[in-house]
Amino acid sequence: MMQKSLPPLNWFRAFEASARRLSFTAAAEELNMTQSAVSQQIRALETRLATPLFIRQARGLALTDDGRKLLPKVESALETLAAATAQFGVETEGAHLTIASSVSIIDWVIAPALPTYLAEQPELSLRLVSTIWPDDFTAARADVQIFFGTQKQAGKAAQPLRPSVLIPVKSPSLAGDLRTLPLIESVGTSDGWAGWTNTFGEPTAKPTLFVDTYGAALGMATEGNGVALVSAVLAAPALASGALVHADTRSLSAKEGYYLSVLSDSTAAREFAQWMISLTKAAPSAV
C-alpha cells in the first residue's frame, strides 16, 4: 500500500511557532521569515489537512479545536527529530570554512564565481550548507552565514548585500515586454508584481507562474518561461553572463534582502565575507 505523503516540515514549523506565540508576526520574527511566508504556509497546511487550525481575530490568533489537538503532536515530533539529528553533522573545528547560506545565493551568486576564488586559494576547504530554518545555521556551526529577510531579523551586526532592489529579467530569446509576457511571481516575500504595479502603474496583467524562491524564479526566466521580478543581487551574475537580460530598466525598492554575518574570527572567514561583498557591489541598483 502506498504511504500517504506528509506535508512539508516547514509548514509544521510555521504552525508550531504560530500556535505557541498566537501571532503570525511573532512567529515570523522567531523563524527569520516574513509574515506573509508564515501565513501562506499555515494556509497551505490547513488546505492540506482540510481543516482550519486558527481563528483569525482582530487582536491575534486563537487555536481551533483541531489546532489544539495537533499542536502537542507536532511539538513532540519536532523534539524527536531534533534529538535524533543532534549527534550528526559535528566535525572537527577548522576542518572546513563553513558557509551557511540561502540556496539561491549559493546557486546564482557563489557558484558562478567560485572556481576563480578557489583557484586563488588552493588549500581552502569550503563547506556550503543551504539553509531554510534559523536553527539550520546554528547546527551547521557556520563561519559565515547569508540569509534572506529584514535587517531586524538579521541583527544589527549583519551587513546587507546591496542593492536591496528587485529588477525584472527575462531570457534574451524571449520577445516582448511586461505588458505581453507571462509574469513569474516569487511568493512568500513582502514585495512582488503587485508592488511594481502600485509604484509604476503597470503591468496590468497578473502573474501566472508562482514559485517559492527568487532562485527558482530566475531558473524559470532563464528557460524562457516569462519575466521574473527578483533580487538584483541574485540576478547580477546571470545578467553579466548574458543568460538573462533586463525586461525593464526600472527597479523596485525591496523591504527584504540578503544579509551577511561573520561568525568566526578566522582570516578565511573575513576574506570570504569581503569577497562576497565585492561580488554583490557590481549588482545593478535602483534607477
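Above this text sits the structure in question.
Scoring rules and cut-offs
- Residues numbered from 1 in each chain as written.
- Predicted model: local features only at pLDDT ≥ 70, side-chain atom pairs only at ≥ 80, totals over all residues.
- Heavy atoms only, no water.
- Helix = DSSP H or I, 4+ residues; strand = E, 2+ residues; numbered from the N terminus.
- Buried < 20%, exposed > 50% of the residue type's maximum accessible area, 1.4 Å probe, protein only.
- Contact = heavy atoms within 4.5 Å.
- Areas by Shrake-Rupley, 256 points an atom, 1.4 Å probe, with all protein chains shown as cover.
- 1 Å grid on protein atoms, 1.4 Å probe; cavity = no way out; pocket = protein on both sides within 12 Å on 5 of 7 lines; lining within 4 Å.
- Points joined across faces, edges and corners; volume = space filled by probe spheres on them.
- Nonpolar A, V, L, I, M, F, W, Y, C, P; charged D, E, K, R; others polar.
- Core = buried A, V, L, I, M, F, W, Y, C linked by side-chain atoms within 4.5 Å.
- Expected span 1.5 Å × (residues − 1).
- Pairing = 2+ DSSP bridges.

J.: How do you make sense of the overall build of the protein when you look at a structure like this?
T.: Within the protein, the secondary structure is distributed over 11 helices and 13 strands. Out of the 287 residues belonging to the protein, those deemed buried represent 47%. Considering only residue pairs separated by 6 or more positions, the protein has 76% of its internal contacts joining residues 24 or more positions apart. Total accessible area computed for the protein in this model is approximately 14,900 Å², and 55% of it derives from carbon and sulfur atoms.

J.: Looking at this model, I keep getting lost on empty space enclosed by the protein. Mind explaining?
T.: Taken as a whole, this structure holds one cavity of 30 Å³ or more when the rule is applied. Roughly 40 Å³ of volume is contained in the largest cavity. What lines the largest cavity is a set of 13 residues, and nearest its centre among them are Ser-164, Val-165, Ser-231, Glu-256 and Gly-257. If you list the elements that add at least two residues to the lining of the largest cavity, you get strand S7 (165–170) and strand S13 (257–262). Of the residues assigned to the lining of the largest cavity, the class counts are nine nonpolar, three polar and one charged.

J.: It is not clear to me how the nonpolar core should be interpreted in this structure. Could you clarify?
T.: The biggest cluster of nonpolar side chains holds 52 residues, and the ones touching the most others in it are Ile-105, Val-169, Phe-272 and Met-276. Ranked by residues supplied to this core, first place goes to helix H5 (residues 103–120) with eight residues. When neighbours within four sequence positions are excluded, Phe-272 is seen to be in contact with Leu-97, Ile-99, Ile-110, Tyr-117, Leu-126 and Val-144. One finds Ala-19, Phe-24, Leu-61 and Leu-70 within the second-largest nonpolar core, a separate group that totals 23 residues.

J.: Sorry, what's going on with helix H11 (residues 267–280) here?
T.: Residues spaced three or four apart along an α-helix point in a common direction, a consequence of the helix completing one turn every 3.6 residues. For H11, spanning 14 residues, the distance from its first C-alpha to its last is 20 Å, which sits close to the expected 20 Å at 1.5 Å a residue. Listed as buried for H11 are Ala-269, Phe-272, Ala-273, Trp-275, Met-276, Ile-277 and Thr-280.

J.: Could you clarify how one ought to interpret the pairing of strand S5 (residues 144–149) in this entry?
T.: Every other side chain in a regular strand lies on the same face of the sheet, so the side chains alternate between the two faces. With respect to burial, S5 is a largely interior element, six of its six residues being buried. On S5, burial covers both faces: Val-144, Ile-146 and Phe-148 on one face and Gln-145, Phe-147 and Gly-149 on the other are all buried. In this structure, strand S3 (residues 97–102) lies alongside S5, joined through three bridges in parallel fashion. Pairing of Ile-99 across the sheet is with Val-144, part of S5. Sheet topology places S5 next to S13; six bridges connect them, and they run antiparallel. Among the inter-strand pairings, Phe-148 is bridged to a residue of S13, identified as Tyr-258.

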